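Given next are the chains, with one letter for each unit.
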Amino acid sequence: MYQILPLFPKVVCVYQYPFDSTEVLPHLLNNEFGECRTERLDVIDDLPLVKEFILHAFTTFMRKEMMYDTAEFEISASWLTHFEKGFGHPLHYHTNSYYSGVMYFEDCESGELILHDLNTKPFVPQQPTNENEYNSTIKNILPKKDQIVFFPSEMYHSIATNKNDKPRYSLAFNIVPNGKYGFGDSSVHSTIKKNDK
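Within each chain, residue numbers correspond to sequence positions counted from 1 in written order. With pLDDT at 70 or above as the cut-off, local features in this predicted model cover only qualifying residues; side-chain atom pairs require 80 or more to be listed or tallied, and sums for whole chains, interfaces and linings still use all residues. Computation of side-chain values: all heavy atoms of the structure, hydrogens and water removed.

Q: Let's hear about the environment of Arg37: which residues, and what values?
A: Structurally, the position occupied by Arg37 is in the loop between α1 (25-28) and α2 (48-64). Here, residues are in contact when the closest pair of their heavy atoms is within 4.5 Å. Those residues within four positions of Arg37 in sequence are excluded, and the remaining contacts are Glu32, Trp79, Leu80 and Thr81. The numbering of helices and of strands both runs from the N terminus, where a helix is a DSSP run of H or I of at least 4 residues and a strand a run of E of at least 2.

Structural data, given as structure tokens:
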């Protein structure tokens, strides 16, 4: 008999938005776009009810699963991503942020979010016969309509190439603690100042 101890995990939360997110997209498409995202980094401020829901969902996750029962959070940046057929986004992570997230507007057969574990594995005896949460080094999350994915901002991630004929859109965002957080001599009290439009 043995026991598995999944120590020090990177916790990812997948949440289902309870409304029709396709109604959200038209409100975001009037923004100026750069190569693959909006120029503005506060687009969610145009959608206060969506912002409120995302913060509520994230805070619930933090309080129920992570046991941070008094923590408060704010969305520090948000943008609409836009990938035409043949485009994706390379490996990266987000600095100056606690968690990052993405909201999908429709099901897609490609253009998945790929989460990467880049920790060095000093010895791998063989290729696993089946991948699971203990032995895998990547996790692909295929976009599903009305799905929100929260993941630690320091986690490396990429966007697979969109193979569909129509563009793939998603609402991406970064989340930071707001107000008083930390404890003891590592306590911080800050209020998030929103970006200028």
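Q: Tell me what's going on with the sheet that holds strand β9 (residues 168-177), and back it up with residues and numbers.
A: Following DSSP output, two strands are said to pair if at least two bridges run between them. The strand order across the open sheet built from five strands is β1-β7-β4-β9-β2, with neighbouring strands paired in antiparallel fashion. In the strand order of this sheet, the two ends are held by β1 (13-16) and β2 (73-83), each with one partner. Across the sheet, the axes of successive neighbouring strands diverge by a mean angle of 20 degrees, strand direction being ignored. Inspection of the sheet shows strand β4 (residues 99-104) paired to β9 by six bridges, in the antiparallel sense. Looking across to β9, one finds that Gly101 is bridged to Phe173. Where helices are involved, their axes are fitted lines through C-alpha atoms of the stretch in contact, as for all axes, and angles between N-to-C directions lie from 0 to 180°.

Q: Lay out the nonpolar core with the relevant residues and their values.
A: Counting residues in each nonpolar core, the largest one holds 29 residues, and the members touching the most others are Ile54, Phe150 and Leu171. Where this core is concerned, the elements lending two or more residues are α1, α2, β2, β4, β7 (147-152) and β9. At eight residues, α2 tops the list of elements feeding residues into this core. When residues no more than four places from it in sequence are discounted, the contact partners of Ile54 are Ile44, Ile75, Met103, Ile148, Phe150, Leu171 and Phe173. Grouped together as the second largest cluster of nonpolar side chains are 11 residues, Cys36, Val102, Leu113 and Val149 included. Side-chain atoms within 4.5 Å link the members of a nonpolar core, which is a set of buried Ala, Val, Leu, Ile, Met, Phe, Trp, Tyr and Cys residues. Throughout, exposure labels follow a simple rule: accessible area from a 1.4 Å probe, protein chains only, divided by the maximum for the residue type, with under 20% read as buried, over 50% as exposed, and the rest as partly exposed.

Q: Describe the packing of aromatic side chains, naming the residues involved and giving the relevant values.
A: The rule is short: rings of Phe, Tyr and Trp, with Trp giving its six-membered ring, pair when the centres are within 6.5 Å, and they are stacked under 30 degrees, edge-to-face over 60, tilted in between. Tallied over the entire structure, the rule returns 15 aromatic pairs. A centroid spacing of 5.9 Å and a plane angle of 75 degrees characterise the contact between Tyr15 and Phe53, whose relative ring orientation is edge-to-face. With Tyr15 in strand β1 and Phe53 in helix α2, this pair connects stretches of sequence that are 38 residues apart. Residue Phe53 is classed as buried on the basis of its relative accessible area, which comes to 14%. For the pair Phe58 and Phe61, a centre-to-centre distance of 5.9 Å together with 70 degrees between the ring planes defines the contact as edge-to-face. On the criterion of helical spacing, the pair formed by Phe58 and Phe61 is a turn pair, its members being three residues apart in helix α2. Residue classification places Phe58 among the buried positions, given a relative accessible area of 0%. On the basis of relative accessibility, which here comes to 5%, the residue Phe61 falls in the buried class. Among the aromatic residues, those joined into a ring-pair cluster are Phe58, Phe61, Phe73, Tyr98, Tyr99, Phe150 and Phe173.

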